[in-house]
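Reading the structure
In case you want the letters, here they are:
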Amino acid sequence: MKKLIVTVGGKKYEVEVEILEDTDKSYTTAYRAPAPRATETYSPAAPAARPKAAAAPAAGTNSSVLTSPINGVLIEVPVTAGQTVSEGDTLFVLEAMKMKTNIAAPRDGTIKEIKASAGDTVESGQELLIFA
Amino acid sequence: MSHTTKFIDVTLRDGHQSLAATRMSTEQILRVLKMTNDAGYQRLELWGGAVLDSCIRFLNEDPWERLEKFKEVLGGGQKIRALLRGQNLFGYEPSSDDLVIAFVKQAVHSGVGVMRIFDALNDERNLITSILATKAYGGVAEGAISYTTSPVHTTDYFIEYAKKLIDMGVDELAIKDMAGLLYPTDALELFQKLRAITDLPISLHSHTTTGVGTLNAVIAMNEGLDWIDTAITPFAGGTSHPPIEILAVFAERMGIEHGLDKKLIQKIQAELFIIQKELTQFIPDNSKNHKPVKFADVDVKKVDAIIALVKKEDKASIEEAIPLMRELELELGYPAFDDKIFEAQVPGGMLSNLWSQLKAINKLDQMDAILAEIPAVRKDAGYVPLVTPTSQIVGSQAAFNVMVGERYKTVSNEFKMILQGKFGRTPAPTNPEITARALGKDQVLKYRAASYLKPVMEDDFSSLAFVKSHKDLLLHLLFKQAADGFLKKRYGV
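These numbers come from a predicted model, not from an experiment.

**Thoughts on the nonpolar core**
Residues and elements named next belong to chain B. Formed by 164 residues in total, the largest nonpolar core has its most connected members in Phe103, Val112, Ile219, Ile228, Leu247, Ile370 and Leu478. Considering every element that reaches this core, the biggest residue donor is helix 20 (residues 470-491), with 9 residues. Ile370 has contacts with Leu354, Ala398, Ala399 and Val402, leaving out every residue within four places of it along the chain.

Written out as C-alpha cells, the structure is:
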C-alpha cells in the first residue's frame, strides 16, 4: 500500500492506493499512472490521459504537509526546522531526469519538521516537510 | 562565380562523438592523424563539441594539450576546425563575455584555425562575441545555422538567419543538421536559396541518422556548396556522417576533383577498425556491424542513377533517389537508418536517453504518454530545436507534466530558463500564460542573454591550489566541479 496526498479543489485528501504491478519493464505497456487514477474517485472532472493545465497556485492553502511532486534526489535543503518562510521561498531543490526543480513554500508559515535531507532519494507523494 | 566541393573529415571529432560517446583518446587519434592529413584533406574537424567535457570527465586528458599536440603534428592550426556552441562555449549555459573572449583567444592560440560557431536557438546575439573574438585573434569564423523543423522553421526563416550571420561578419556559413531532420526535397530548396544570396563558402554538416544525409551531400555538391563534412568507416554512417568511401565515388562520377589519396584512406580505415574494437563498450549495438568498405565496392550503376536524378533538380526526382541511396548504403554494411523522426518529431538520441532515464526511476509505463506530450511542450517553449541541452529540458518537462498529472504544476529550473530567455530568444514566442505563471515575479529578458552576466575573469583565484595556469583557470570557470576534479587529480592536491 502506498499513501498519496491528492488535492481536489484546493482540499487535500490522504488516500491509500495499492500498486498491483510494480515491475513493468516494457514501455509499450499501456499508460498507467497511479496518482491521477486515485484522483478520479474524488474529482468530478477526471483528468484525461493527457495532463490538464495546472490551476493557478492556490494562495493561502492551509495544508500542513508538503510532499514531493515527482521521484528524484534532493540536492539542496536550504531551510531548517523552526524557520519562518514566505510563500514562494525555496524549501528543497530536487534533481530528476537531469533537471533541477525548486520545491517552493505553498504558503507563509513556520517549519515544524523537515523529513528528508540532501542526498535522499524521494518518491512522488513522499512527505518532505511539515508546517507548524 | 562557380564553386567546387571539397571534403572535410570529421571522424576524429564528430565521428567518435556520434558513434563512440566521444571516447577516442589523443593516443588513438594520433595513430591516424598524420595519415589523414597526408590523404589530402584541406580541413579536419578535431576539437570542440563534447571533446573538452569528455577529456576532463572520462579520459583524464588536458584538452589544451590535445589541441596543441594536433597543431604540432599538422605543422600549424590552419586546417584544424573546432565546433563552438556560441555563448555557451563548450558547456550548456551561456558564459559571460569575458570568459568567451578569453576561451576563444586561447583556443586560437593553441591551434584552432577555423571556429564553427552555432547557437541551438539560432539567436544571432549568442554568436556575436565568439565571432568577433575568433576574427580578432586570427581565426576563421564560420557561422552555422542549426537546422530543425517546426511551423516557424521555414526555408525563408533560415535564409533570413543566414543574412543576419553574413551581416555580422562571418567568413563562412554552415548548415548544421544535427539530428538528420533535413529532408532531401527541402535540402534542395534550402541549398539553392542559400547559394543565391552569397558567395561566401558554405559547408554542409549532415548526420546520416535518418538515411538521407548522404543524398543531401550529393545534392549539395550538385548545387555548388563548397565543403561537405564526411567521415571514414567505421566511424561513418548511422548517427555519424556520410562515408567518404561513397562520396568520393560520387565526386568522381560527377567530375569533381576531390584530391584525396584513396589508398591512404583504406589504410586509415583499417586502423580505425582496430580503434573501434578498442572502444567497443561505448559503441551502440546497432553501430558495431560495419564492414570494411573499398571504394571499388560502391555500386557505380546506382551512383550514376542517383546523380541523374539529382541533376534534374526537381522534388519528384529527389524523392526517387532516396530509396536508391539507402539501398546503396545498406548493401555496404552501414547501420540501418531510423526515419520515424520525420513523423514523431523526437530525435532518436533523445528517445533512447528518455527511455534509460525513465527506466532508472521505474516509470517506463509512462513512456508513451510522455512521447505524446513532447510536441505540446516544445510548442509552449517557442519551438526550440530539440538538441542538447533543449532536448533534455523539453523531454524532462514533458515527463513531469505526465508524472504529476497536471501540466506545468512542477516546472524545472532549466525549463524556466528557456521561458525567461536565459538561453536566448526562442524561435517563436513561448506560451504567455505558462510563462507568466512559471516565472512569477521574474521578467522575461529583454536584451541579449549574456549581457546580464557578470564578468568572471577579474576575480581572485590565487587560493585555488589546483589552478596553476591560465588554461587551468579557463577549464575551472567553464566546467566547474568536473574540471576541478580533473585538475586536483592531475596535481595531486
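**Side note on the domain arrangement of chain B**
Residue and element names in this part refer to chain B. As far as domains go, chain B holds domain 1 (6-331), domain 2 (345-447) and domain 3 (459-493). The distance between the C-alpha centroids of domain 1 and domain 2 comes to 28 Å. Listed per partner, the contact involves 18 residues of domain 1 and 17 residues of domain 2. Of the residues assigned to the side of domain 1 that touches domain 2, the class counts are 7 nonpolar, 8 polar and 3 charged.

**Focus on the sheet that holds strand 5 (residues 72-76) of chain A**
All names here are of chain A. The strand order 8-7-5-10 describes an open sheet built from 4 strands, whose pairing is antiparallel. Bordering the open sheet on either side are strand 8 (99-104) and strand 10 (121-122), each of which pairs with just one other strand. Across 6 bridges, the pairing between strand 7 (residues 90-96) and strand 8 is antiparallel. Each bridged residue has a counterpart across the sheet, and for Thr90 the counterpart in strand 8 is Ala104.

**With respect to unusual backbone geometry**
Peptide bonds are, in most cases, trans, and in most cases residues other than glycine have a negative phi. Residues and elements named next belong to chain B. Looking along the chain, the bond that leaves Thr233 and enters Pro234 is cis, with omega of 5°. With respect to the helices, strands and loops of the structure, Pro234 is situated in the loop between strand 8 (227-230) and helix 10 (244-254). Backbone geometry at Thr22 places phi at a positive 60°, although glycine is not the residue there. Among the structural elements, Thr22 can be located in the loop between helix 1 (11-19) and helix 2 (26-38). Positive phi values are uncommon outside glycine, yet Asn60 reaches one of about 50°. With respect to the helices and strands, Asn60 occurs in the loop between helix 3 (51-59) and helix 4 (63-74). Since 12 C-beta atoms lie within 10 Å of it, Asn60 is described here as exposed.

**Thoughts on the sheet that holds strand 4 (residues 65-67) of chain A**
All names here are of chain A. Strand order in the open sheet formed by 4 strands is 4-11-9-6, and the pairing between neighbours is antiparallel. Edge positions in the sheet fall to strand 4 and strand 6 (84-85), since each has one partner strand and no second. Sheet topology places strand 4 next to strand 11 (residues 127-131); 3 bridges connect them, and they run antiparallel. From the neighbouring strand, Thr67 faces strand 11, where its bridge partner is Glu127.

**Regarding the pairing of strand 3 (residues 80-84) of chain B**
Residue and element names in this part refer to chain B. Of all 5 residues that make up strand 3, 5 are buried, and the element is covered over most of its length. Residues Ile80, Ala82 and Leu84 line one face of strand 3 and the alternating positions Arg81 and Leu83 line the opposite face, and both faces are buried. Sheet topology places strand 2 (residues 44-48) next to strand 3; 4 bridges connect them, and they run parallel. Bridged to Glu45 within strand 3 is Arg81. Looking at chain direction, strand 3 and strand 4 (residues 114-117) are connected through 4 bridges and run parallel.

The rules behind the values
- Residues numbered from 1 in each chain as written.
- Chains lettered and ligands numbered in written order.
- Predicted model: local features only at pLDDT ≥ 70, side-chain atom pairs only at ≥ 80, totals over all residues.
- Core = buried A, V, L, I, M, F, W, Y, C linked by C-beta atoms within 7 Å.
- Buried ≥ 20, exposed ≤ 12 C-beta atoms within 10 Å, placed from the backbone.
- Helix = DSSP H or I, 4+ residues; strand = E, 2+ residues; numbered from the N terminus.
- Contact = placed C-beta atoms within 7 Å.
- Domains from an automatic or database assignment.
- Nonpolar A, V, L, I, M, F, W, Y, C, P; charged D, E, K, R; others polar.
- Pairing = 2+ DSSP bridges.

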